[in-house]
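# Topology and contacts: notes
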Amino acid sequence: MRTRRHPAGPALVLASVLALAAGCTGTPQDGSDPAMTASASATPPVPDAPLTVTGWAVTALSGAPVPAGAAGRARFSLAPDGTAGGSLGCNRFSAPAAVQGDTVTFGPLTSTRMACEGPAGEVERALTALFGAGPLTWRIQGRTLTLTAADGRTLTAEASSAAE
């Protein structure tokens, strides 16, 4: 039996195979690489900082930014052993602190006794009142901590580093 070949047969088969192979590469028509596009647009989520062993710098009180004259001065940390300490903006403090689920309760604050006026004094008075307000609900998103009192007052702080 004799087979008859079509003169365009091998060329047509080769063109079909090449077209099919080009279509299977996954490369979009615009020439961009989908693997590179996906990795460039997807940023990994920032892991939540731990509540304890993190230094927290107070950035806002009840939604208002800390005044410029006191910015960066109010800092605190909670230790795994149930203690808290840091700066209220002017005076240093320490206190017992109990974390239970999504609440933290500060015990009586012990602090140095420097006279604090102006923005640092205002921040210190607000923090002392908030820490003494009873159980505070805590929430961490990424590197931001929010403490909320039962009456709605809040403290916002940014993670700075591991407590020393």
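Scope of this entry: the structure provided in the associated data block. (Residues numbered from 1 in each chain as written. Predicted model: local features only at pLDDT ≥ 70, side-chain atom pairs only at ≥ 80, totals over all residues. Heavy atoms only, no water.)

Our focus in this paragraph is the state of the cysteines. What the rule picks out here adds up to 1 disulfide. Here Cys 90 pairs with Cys 116 through a disulfide, and the sulfurs are 2.1 Å apart. Taking the sign of the S-S torsion, about -85° here, the bridge from Cys 90 to Cys 116 comes out left-handed. Taken as a pair, Cys 90 in the loop between strand S4 (83-88) and strand S5 (92-100) and Cys 116 in the loop between strand S7 (110-111) and helix H3 (118-131) lie far apart in primary sequence, 26 residues in all. (Disulfide = S-S within 2.5 Å. Helix = DSSP H or I, 4+ residues; strand = E, 2+ residues; numbered from the N terminus.)

Turning to unusual backbone geometry, a few remarks are in order. The residue Val 53 is not glycine, and still its phi comes out positive at about 60°. Position of Val 53 relative to the elements: it lies in the loop between helix H2 (34-41) and strand S1 (54-61).

Next up on the list: the packing of aromatic side chains. Aromatic rings considered in pairs are described by the distance between their centres and by the relative angle of their planes. On inspection of all chains with the given rule, the structure shows 3 aromatic pairs. The interplanar angle of 75° and the centroid separation of 5.5 Å between the aromatic rings of Phe 76 and Phe 131 together place this pair among those described as edge-to-face. Placement of Phe 76 in strand S3 (residues 74-78) and of Phe 131 in helix H3 is noted, with a sequence separation of 55 residues between them. Each member of the pair Phe 76 and Phe 131 is classed as buried. Taken together, the aromatic side chains of Phe 76, Phe 93, Phe 106 and Phe 131 make up a single cluster linked through ring pairs. (Phe/Tyr/Trp six-rings, centres within 6.5 Å; stacked < 30°, edge-to-face > 60°. Buried < 20%, exposed > 50% of the residue type's maximum accessible area, 1.4 Å probe, protein only.)

Tracing the sequence through the fold places Thr 154 in strand S10 (residues 154-162). In this view, Thr 154 contacts Ala 60, Leu 61, Ser 62, Gly 63, Leu 130, Thr 146, Leu 147 and Thr 148; residues no more than four positions away in its chain are not counted. (Contact = heavy atoms within 4.5 Å.)

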